[in-house]
Amino acid sequence: MQVPFVDLRAQHASVKDEVESAISGVMEQAAFILGPEVAEFEKEYAEYCEAEYAVGTDSGISALELTLRTLGIGEGDEVITVANTFIATASSISFTGARPVLVDIDPETYNIDPAAIEAAITPRTKAIMPVHLYGQPADLDPILEIANRHGLAVIEDACQAHGARYKGKRVGALAAAGCFSFFPAKNLGAYGDGGIVVTNDGELAEKLRMFRNYGQREKYNHIFLAFNRRLDSIQAAILRVKLRRLDQWNENRRRVASIYDRILADSSVICPKVADYSEHVYHQYIIRAENRDTLREQLDKRGVATGLHYPVPIHLQPAYESLGYNEGDFPVSEKIAGEMVSLPVFPEMTEERANYVASQILELTG
Ligand SMILES: *Cc1c(COP(=O)(O)O)cnc(C)c1O
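Rules of the game
- Within each chain, residue numbers correspond to sequence positions counted from 1 in written order.
- Residue-level local features of this predicted model are given only where pLDDT is at least 70; pairs of side-chain atoms are given and counted only at 80 or more, and the full residue set underlies all totals for whole chains, interfaces and linings.
- As a convention, hydrogens and water are excluded, and side-chain values are obtained from all of the structure's heavy atoms.
- Think of it this way: any DSSP run of H or I at least four residues long counts as a helix, any run of E at least two long counts as a strand, and we number them from the N terminus.
- Only protein chains enter the accessibility calculation, which uses a 1.4 Å probe. A residue is then buried if its area is under 20% of the maximum for its type, exposed if over 50%, and partly exposed in between.
- Only a single heavy atom is needed: when it lies within 4 Å of a molecule or strand, its residue is near that molecule or strand.
- Counting of polar contacts relies on pairs of N or O atoms within 3.5 Å, with two restrictions inside protein: one atom must be capable of donating a hydrogen and the other of accepting it, and residues adjacent in sequence are counted only when both atoms are side-chain atoms.
- In this analysis the probe radius is 1.4 Å and the grid spacing 1 Å, with only protein atoms considered; a cavity is a set of points the probe fits into but cannot get out of, a pocket is an open set with protein on both sides within 12 Å along at least five of seven lines, and lining residues have an atom within 4 Å of a point.
- Assignment of a molecule to a cavity or pocket requires that more than half of its atoms lie within 2 Å of the corresponding grid points.
- Charged residues are taken to be Asp, Glu, Lys and Arg, nonpolar residues to be Ala, Val, Leu, Ile, Met, Phe, Trp, Tyr, Cys and Pro, and polar residues to be all remaining types, Gly included.

**Comments concerning unusual backbone geometry**
In step 1: Tyr310 follows His309 through a cis peptide bond whose omega is 10 degrees.
In step 2: Within the secondary structure, Tyr310 is located in the loop between helix 10 (292-301) and helix 11 (331-339).
In step 3: In this model, Tyr110 sits at a positive phi of 65 degrees, which is unusual for a non-glycine residue.
In step 4: Residue classification places Tyr110 among the buried residues on the basis of a relative accessible area of 3%.
In step 5: For Tyr134, which is not a glycine, the phi torsion comes out positive at approximately 65 degrees.
In step 6: Along the chain, Tyr134 turns up in the loop between strand 4 (125-128) and helix 6 (140-150).
In step 7: When its relative accessible area of 3% is taken as the criterion, Tyr134 is described as buried.

Shown next, in the form of structure tokens:
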């Protein structure tokens, strides 16, 4: 049996007719930039996230960077985030001129350890950026409590967590703003790049709309200088089709996860723990194994593709040498980076394939 890591072609096949008619609708309207499809999608996505406003952008990293800029964060400021995440979390902070200040993760959830945040706060700290990594919400209440006490903004990096819930509420608008990516392999993926910010703050949304569009309030009235970071109308039209399936797709991901959980429960590998405050959407299903590289090779020989998210924590990336961190600074992140393997989990995955993957791991690791 062959099990790919993701299968975007299978997903396309399941929405082909609707996607093709959505695309040709945009072509016939010829409203390619910030047309009605973008406005409609923003309305629908805000509603989906139980938020007031949504502002589409050209990527997840733009959503994060523009949110930080809109909150006035830049040169001389610090933003606290985690060592275990995708590079874009940290680099969105760096691109504003601010400095990412890293903290370690919780060993059970692999998300930011709220208990480590306070020690990282300095007079320059302006915000905290928790990441809902792998599709599981970070523990926001203690983070919001710390943020309120110190007067800091909280921006959710929800790029891997479309539809996830924290204590019953959708992630995204639980603090100042939440940012999502529509990179094709995310839980809600475009046919190219895209992103969005959701918020309940009308002023923030208004300013974000200007920030993504040349600092323009109305046509040719530019209040400040800004780039073009808009979400495409064609992508928005496709995302509207796919948004209607998102809950079902997330449910399918949870079904695959529950098969892995069940078969691997008594094995020697460590399965993900779901905190009682979370509804996980399994952007990734991460296991931990002692001989991770050998296991991946053996799985590959048996037709199972796996991934690594992420093999090198942010503080050990060559691009961040200048931050001055050393090996050993974030021991939990470093340990997990060396042990984890991401298993295939995608909505179109059959039960048979999930059973196959889990039983191969059981056979190989005992
Ligand atoms: C994908 C991702 C991003 C960046 O999204 P892009 O659309 O690729 O710019 C940021 N943060 C996290 C945690 C991500 O997984």
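Further notes follow.
**Observations concerning the site of the ligand**
In step 1: Lining the immediate environment of the ligand, one finds 15 residues, of which Gly60, Asp157, Gln160, Ser181 and Lys186 sit closest.
In step 2: In this structure, Gly60 approaches the ligand through a main-chain N or O atom, which is 2.8 Å from an oxygen atom.
In step 3: Measuring from an oxygen atom of the ligand, one finds a side-chain N or O atom of Lys186 at 2.9 Å.
In step 4: At a threshold of 2 Å from the grid points, most atoms of the ligand map onto the largest pocket.
In step 5: No other element matches helix 3 (residues 60-70), which puts three residues into the shell around the ligand.
In step 6: Here the shell around the ligand is composed, by residue class, of six nonpolar, seven polar and two charged.

The values reported here are purely geometric and, on their own, carry no functional implication.
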